[in-house]
Amino acid sequence: MPFVRIDALHADRKRLEAVGRAVHEALIDAIGIPRDDLFQVLTSHDGTRSMLRYDDYFGIHRDDDIVFASITMRSGRTDDQKLALYRRIADLAKEYADLEPRNVLVMIHENTSIDWSLGEGVAQYAQTSG
Amino acid sequence: MPFVRIDALHADRKRLEAVGRAVHEALIDAIGIPRDDLFQVLTSHDGTRSMLRYDDYFGIHRDDDIVFASITMRSGRTDDQKLALYRRIADLAKEYADLEPRNVLVMIHENTSIDWSLGEGVAQYAQTSG
Amino acid sequence: MPFVRIDALHADRKRLEAVGRAVHEALIDAIGIPRDDLFQVLTSHDGTRSMLRYDDYFGIHRDDDIVFASITMRSGRTDDQKLALYRRIADLAKEYADLEPRNVLVMIHENTSIDWSLGEGVAQYAQTSG
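Residues numbered from 1 in each chain as written. Chains lettered and ligands numbered in written order. Predicted model: local features only at pLDDT ≥ 70, side-chain atom pairs only at ≥ 80, totals over all residues. Heavy atoms only, no water.

Chain A appears in an unreviewed UniProt entry as Tautomerase family protein from Nonomuraea purpurea.

1. Section: the sheet that holds strand 3 (residues 50–54) of chain A
The six strands are arranged 3(A)-2(C)-1(C)-4(C)-5(C)-6(B) in an open sheet whose pairing can be described as mixed. Of all strands in the sheet, those with a lone pairing partner are strand 3 of chain A together with strand 6 (116–117) of chain B, marking the two edges. The pairing of strand 3 of chain A with strand 2 (residues 39–45) of chain C spans five bridges and is antiparallel. What sits directly across from M51 of chain A, in strand 2 of chain C, is L42 of chain C. The sheet contacts of helix 1 (residues 13–31) of chain C involve strand 3 of chain A together with strand 1 (3–9), strand 2 and strand 4 (67–74) of chain C, and relative to strand 2 of chain C the element is tilted by about 145 degrees. (Pairing = 2+ DSSP bridges. Helix = DSSP H or I, 4+ residues; strand = E, 2+ residues; numbered from the N terminus. Contact = heavy atoms within 4.5 Å. Axes fitted to C-alpha atoms, helices over the stretch in contact; angles between N-to-C directions.)

2. Observations regarding the relation of the copies chain A and chain B
Once turned by 120 degrees and shifted 0.0 Å along the axis, chain A lies on chain B with an RMSD of 0.0 Å. The relationship between the two copies is best expressed as a three-fold rotation axis. Nearest to the rotation axis, the C-alpha of H109 of chain A is located 4.8 Å from it, this being the minimum over chain A. When the interface residues of chain A are mapped onto chain B, a mere 6% of them again fall at the interface, so the copies present different faces. (Least-squares fit on C-alpha atoms with pLDDT ≥ 70 in both.)

3. With respect to empty space enclosed by the protein
By the definition in use, this model includes two cavities of 30 Å³ or more. Together, 15 residues line the largest cavity, and R5 of chain A, R5 of chain B together with R5, S70 and H109 of chain C are the ones closest to its centre. Of all elements in the fold, only strand 1 (3–9) and strand 4 (67–74) of chain A, strand 1 (3–9) and strand 4 (67–74) of chain B together with strand 1 and strand 4 of chain C reach the threshold of two or more residues within the lining of the largest cavity. Taken as a whole, the second largest cavity holds about 40 Å³ of empty space. Surrounding the second largest cavity, V19, A22, V23, V67, A69, I89, A93, L99 and V104 of chain B form its lining. For the lining of the second largest cavity, the elements supplying multiple residues, two or more each, are helix 1 (13–31), strand 4 and helix 2 (79–97) of chain B. The element that contributes the greatest number of residues to the lining of the second largest cavity is helix 1 of chain B, accounting for three residues. Taken together, the residues of the lining of the second largest cavity break down into nine nonpolar, no polar and no charged. (1 Å grid on protein atoms, 1.4 Å probe; cavity = no way out; pocket = protein on both sides within 12 Å on 5 of 7 lines; lining within 4 Å. Points joined across faces, edges and corners; volume = space filled by probe spheres on them. Nonpolar A, V, L, I, M, F, W, Y, C, P; charged D, E, K, R; others polar.)

The structure is reproduced here in structure tokens:
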């Protein structure tokens, strides 16, 4: 169910996959999602036809290694789980992709069980909770 | 108002359009949106500069025909309308794009009337409901 | 904190940047965000591997200059601030990118303070408000 969209600059396939793996492992470790609950869109922008813009907001220096990770999931996760998720993403992105924690932006969007169809034209979460 | 973002792998223009048409017709049939209420971003990923990652979560086997459809709309639609929407997207994606229902992920994001400007720098829904 | 995703058709780098600048300046003017609070993904679609679909909904005539701007920010902004934002985006997009206001779609997604990590693996807004 977490649906993850990751945007990076000038990243090759290997780097994209490493960042995607970091976010996925962090979701498993911090939120407890099943390992096969994997839905990601990873995009590397070339700086011409598509680009990222950023600055040093909140006193954090960022550079072109910047990564934006947007996570959509059902509501219900606690603040502590979200805090653990951010920490774990930063740690694993450093470990897997040599990405500095200062370059990792994460944001969460929440919806509800009825808002997901995982395939087959049905709403799996609505059915299992009903 | 529904804003639709569709992501696919190795899809040509014709296939992208067919999937976009399936989602749009389903929104008309299941939710009752006007036919010209069409706002879609359709992206085919090449698997190198951008890619999709997925697995067989919830016992559903997926392959590279996978399509992610993300729909943003105002809150207020009933659970039954959403269920009908998922069913209709799956049926029409099969009919228009020969897409297996197991390969279609749909998720819904909701916001409110004031959160939309359809053009001209004004919030059309806020005005008409005010 | 506002995270902005902009999609356009056949736009060169200069045009993408002009639109991005218009949205950012409008957020500063209408919402009061800090100037360096900048997180944008700007994408030009080529109409083949990726595309935008649209129509003349709400009696507004659109063409291939169309721009979709999706803004994610914390809840708490007033309706008046959002109305001012739409007006200002339209005005500045015209001024900076010669974009007709009829071609500018804006939508807002809201979340909360705990839903953001601006870097370093922590939730900056949750900390400062706690």
